[in-house]
Amino acid sequence: MEQFQTVISLSNQMELVSIKPDVYTCNILINCFSRLDRVDLGFSILGKILKLGFQPDLVTFNTLINGLCRDGKIGHAVDLFDKIVAMGHQPNVRTYNVIVNGLCKIEKLHVAMGLLKRMAEKGCKPDVVTYNAIIDGLCKCNQVDKAFELFKEIKSQGVLPNVVTHTSLIHGLCYSSNWKEALALFREMLDRNIAPSVVTFTILVDELCKDGMIIKAQSILSRMIQTGVEPDAVTYSSLIDGYGLHGQMHLARKVFDVMMRKGCNPNVHTYSILINWYCKKKCIYKAKQLLYEMSSIGLIPNHYTYSSLIYGFCYTKRPWEALKFFRDMCATGYLPDVVTYSTLVHGFCENGHLNIALSLFHEMKVTKLKPNIATYNIIIEGMCKAGSFKDVKQLLSGLFIDRLQPTVYNIYYNN
């Protein structure tokens, strides 16, 4: 159990009874602040260490570097790394791992690879955590071939790949639709007695569903349960989405019900996926039921939920109800995007409410959102259907103001 605030409170109590902290205590405090995403307060503890006459050790700097990386300040983390080297500190594998992981997350793979070579030059042997960060980074940048080369290289060096290594590679292969290699690697994991994690299984289920292989995804889920790994909300949500994609709403709902029976509580994302597919299938009543259900258990609809409902009501010729959800969405603090506005504009145009559609179109511009070519096409078609041909010419000038290229569709209506 991570009780960072409690630790900070205990530290304050120590000071109240005149118990001075040592470097070890201060390092714990820096870690607490870093884990609470307050690395700035971690640096104030560094100042305290110096003020008390102590010398910060490598653990101090490693913790600060990790805090900066967690905060997305990778450049500052690299600067601190260079400073501690200049001060005479010898970075250990933990120091390198934090920096390498941070660099890979911002896709600075060439710099990370450079650090890997530097480690070897300095006599600091990379471990599986170092290689995992780089392999994961390569896979996420669609460089799966390079990731596999590194995978083979580390095995020849005696470094044993673990579940994280295999999961990253499987994800990379699935993302590039290399199913034969992905499933072969999955079988290799099992042969080597490397137990797949819930993340490994979920990636396979999710990517198989996205690629339309719902039967194989169901088979992976069954294998997951057989091996004693319990599916989580993300796993079930992926399968629900897969069935929705195939129009099998009865099976999507069945998975949702199974999930509930097993005590795995659906989250906002799960509800939103099911609401989205019900809206696309014009099952608005069922979508609204789910909305009320999620609200009754304290789950707050997100941008995806509202956008799905807005689409559903417009699609079923109920734009006024869509507008209500649009206003609710704005009141909750979610900013509508061009697609949401365009959906509403289309809904009102299709139902003969051009004045409301135009009002929303102008409101969109006031909010600094630039209509795209699809938005213009919708409003131009609506104006032509209403016989407002003079206004169409005026609106077309807006295309050039917004630096959009008129399409054949626009020119046709203009003529």
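From a predicted model like this one, the values you see are computed outputs, not experimental measurements. (Residues numbered from 1 in each chain as written. Predicted model: local features only at pLDDT ≥ 70, side-chain atom pairs only at ≥ 80, totals over all residues. Heavy atoms only, no water.)

**So, a nonpolar patch on the surface**
A cluster of nonpolar residues, Leu16, Val17 and Ile19, forms a patch on the protein surface that exposes about 330 Å² of accessible area. Exposure remark for Leu16: the relative accessible area of 72% places this residue in the exposed category. (Patch = residues over 30% accessible without salt bridge, like charges linked within 9 Å, V, L, I, M, F, W, Y side chains within 5 Å. Areas by Shrake-Rupley, 256 points an atom, 1.4 Å probe, with all protein chains shown as cover. Salt bridge = Lys/Arg side-chain N within 4 Å of Asp/Glu carboxyl O. Buried < 20%, exposed > 50% of the residue type's maximum accessible area, 1.4 Å probe, protein only.)

**A word on empty space enclosed by the protein**
All told, the structure shown has one cavity of 30 Å³ or more when counted by the stated rule. Here the largest cavity defines a volume of roughly 40 Å³. His346, Cys349, Glu350, Ile378, Glu381, Gly382 and Lys385 are the residues that line the largest cavity. Elements with a contribution of two residues or more to the lining of the largest cavity: helix 20 (338-350) and helix 22 (373-385). Across the lining of the largest cavity, the residue classes break down as two nonpolar, two polar and three charged. (1 Å grid on protein atoms, 1.4 Å probe; cavity = no way out; pocket = protein on both sides within 12 Å on 5 of 7 lines; lining within 4 Å. Points joined across faces, edges and corners; volume = space filled by probe spheres on them. Helix = DSSP H or I, 4+ residues; strand = E, 2+ residues; numbered from the N terminus. Nonpolar A, V, L, I, M, F, W, Y, C, P; charged D, E, K, R; others polar.)

**What about the packing of aromatic side chains?**
Applying the stated rule across the entire model yields 10 aromatic pairs. Measuring from centroid to centroid gives 5.7 Å for Phe186 and Phe201, while their planes differ by 75°, and the two rings are edge-to-face. Taken together, the residues Phe186 in helix 11 (residues 179-191) and Phe201 in helix 12 (residues 198-210) connect sequence positions 15 residues apart. In terms of burial, Phe186 and Phe201 fall into one category: buried. Seen in terms of ring centroids, Phe326 and Tyr341 are 5.1 Å apart; in terms of plane orientation they differ by 65°. Their pairing is edge-to-face. With Phe326 in helix 19 (residues 319-332) and Tyr341 in helix 20, the pair connects residues that are 15 residues apart, well separated along the chain. Taking the ring centre of Trp277 as reference, the NZ or CZ of Lys280 above it sits at 5.0 Å. Geometry around Tyr315 places Lys282 over its ring, the cationic atom sitting 4.8 Å from the centre. (Phe/Tyr/Trp six-rings, centres within 6.5 Å; stacked < 30°, edge-to-face > 60°. Lys NZ or Arg CZ within 6 Å of the ring centre and 35° of its normal.)

**Thoughts on the side chain of Asn27**
Turning to its location among the elements, Asn27 is positioned in helix 2 (residues 23-35). Once residues within four sequence positions are removed from consideration, Asn27 is found in contact with Ile49, Asp57, Val59, Thr60 and Thr63. (Contact = heavy atoms within 4.5 Å.)

**Thoughts on helix 18 (residues 303-315)**
One turn of an α-helix holds 3.6 residues; hence residues three or four places apart share an orientation. Compared with an ideal rise of 1.5 Å per residue, which puts 13 residues at 18 Å, helix 18 spans 18 Å between its outermost C-alpha atoms and is within 8% of the ideal. Within helix 18, the full set of buried residues consists of Thr305, Tyr306, Ser308, Leu309, Ile310, Gly312, Phe313 and Cys314. In this fold, the buried residues of helix 18 make contact with helix 16 (268-280), helix 17 (284-296), helix 19 and helix 20. Just downstream of helix 18, Lys317 is the residue with a positive phi angle, here 60°. (Expected span 1.5 Å × (residues − 1).)

**Structural notes on the pattern of salt bridges**
Summed over the entire model, instances satisfying the criterion amount to 14 salt bridges. Two residues, Glu363 and Arg327, come together in a salt bridge whose shortest N-O distance is 3.1 Å. Of this pair, Glu363 sits in helix 21 (residues 354-366) while Arg327 sits in helix 19, and the two are 36 residues apart along the sequence. Three or more residues are tied together by salt bridges with common partners; here these are Lys155, Glu188 and Arg192.

**Remarks on the environment of Leu116**
Mapped onto the fold, Leu116 is located in helix 7 (residues 109-121). In this structure Leu116 comes out as buried when scored by relative accessible area, which is 12%. Non-local contacts of Leu116, meaning those with residues more than four positions away in its chain, are made with Pro126, Thr130, Tyr131 and Ile134.

**Remarks on the confidence of the model for the protein chain**
Of the residues in the protein chain, 94% have a pLDDT of 70 or more, and the chain-wide mean is 89. Under a pLDDT of 50 for its full length, residues 408-415 has, in the predicted model, 13 contacts with residues more than four places off or in other chains. (pLDDT = per-residue confidence, 0-100.)

**Topic: the nonpolar core**
Within the largest apolar cluster, 124 residues are counted, with the highest numbers of intra-cluster contacts made by Ile65, Leu239, Leu344 and Ile379. Broken down by element, the residue count for this core peaks at eight residues, all from helix 16. Apart from the residues within four sequence positions on either side, Ile379 is in contact with Val345, Cys349, Ala357, Leu358, Phe361 and Leu395. (Core = buried A, V, L, I, M, F, W, Y, C linked by side-chain atoms within 4.5 Å.)

**Topic: helix 17**
Look at helix 17: 18 Å from first C-alpha to last across 13 residues, which is about the 18 Å you get at 1.5 Å a residue. Among the residues of helix 17, those classed as buried are Ile284, Ala287, Leu290, Leu291 and Met294. With its buried residues spanning 120° around the axis, helix 17 presents them on a single face. Away from the buried face of helix 17 by more than 90 degrees, exposed residues Tyr285, Tyr292 and Ser296 are located. Taken together, the buried residues of helix 17 touch helix 15 (249-261), helix 16, helix 18 and helix 19. Following helix 17 by one or two positions, Gly298 adopts a phi angle in the positive range, close to 85°. (Arc of directions from axis to C-beta.)

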